[in-house]
Amino acid sequence: MAGQLPPILVARRDYARLERLATNAVRERHPVGRFLMSELRRAVVFDTNKIPDGVARMNEWVTYRIDGSRQSESRVLVYPDGLRNDQVGLSVLSPLGAAVLGVSIGHRIKFFSNEGGLHSVIVEDVVAPAGAPLLFPLKARRKAARASPDPRWPDDDGPQAA
């Protein structure tokens, strides 16, 4: 695809799993495997806690607009085995999911649909839209804990007592 490609930023904790997923997809001749692998090859890998804000990440909301549409869409970028509902989730092994992975707000990237058409997607936001369900409540509590100076909130993600 001609033109300037936006930088791809990926958290270290996700990179190895994404690379295995892409490798298996290429081996199985999945139509998105090669695209996902090419995106990962050009990705800049950040320590998980140091990835810049405003980047489309795994298991987080991403709001995007396809082909200049008037209507934005918001979904959670998930691994294929985590896709439970196409209205909420967006598999990273779909053409659109592989395209938005690691893209920052305001950047645009082109991708081919499963039908072969060339499309363009722009990432507009990476926070849950108003009224969106809280899908990862434990993750939200951990983020709040890191932001809170309250000593009752532990600062590590280690094992929790049941």
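This section reports on the structure supplied with the text. (Residues numbered from 1 in each chain as written. Predicted model: local features only at pLDDT ≥ 70, side-chain atom pairs only at ≥ 80, totals over all residues. Heavy atoms only, no water.)

With that out of the way, let us pick up the overall build of the chain. Helix and strand counts for the chain stand at four helices and seven strands. Overall, the chain shows an N-to-C arrangement of helices and strands of β-α-α-β-β-β-β-α-β-β-α. Going through the 162 residues of the chain one by one, you find that 37% of them count as buried. Here the contacts in the chain between residues at least 6 apart in sequence split such that 54% fall between residues at least 24 apart. Element-wise, carbon and sulfur atoms account for 52% of the exposed surface of the chain, whose accessible area totals about 9,900 Å². (Helix = DSSP H or I, 4+ residues; strand = E, 2+ residues; numbered from the N terminus. Buried < 20%, exposed > 50% of the residue type's maximum accessible area, 1.4 Å probe, protein only. Contact = heavy atoms within 4.5 Å. Areas by Shrake-Rupley, 256 points an atom, 1.4 Å probe, with all protein chains shown as cover.)

Glancing now at unusual backbone geometry. With phi around 60°, Asn 59 is a residue other than glycine that occupies positive phi space. Among the secondary structure elements, Asn 59 is positioned in the loop between strand 2 (44–46) and strand 3 (61–66). Owing to a relative accessible area of 25%, Asn 59 belongs among the partly exposed residues under this scheme. Positive phi, close to 50°, is recorded for Asp 67, a residue that is not glycine. Topologically, Asp 67 is positioned in the loop between strand 3 and strand 4 (73–78).

Scanning all chains against the criterion turns up zero aromatic pairs. The positively charged end of Arg 17 is found above the aromatic ring belonging to Tyr 79, 3.6 Å away from the centroid. (Phe/Tyr/Trp six-rings, centres within 6.5 Å; stacked < 30°, edge-to-face > 60°. Lys NZ or Arg CZ within 6 Å of the ring centre and 35° of its normal.)

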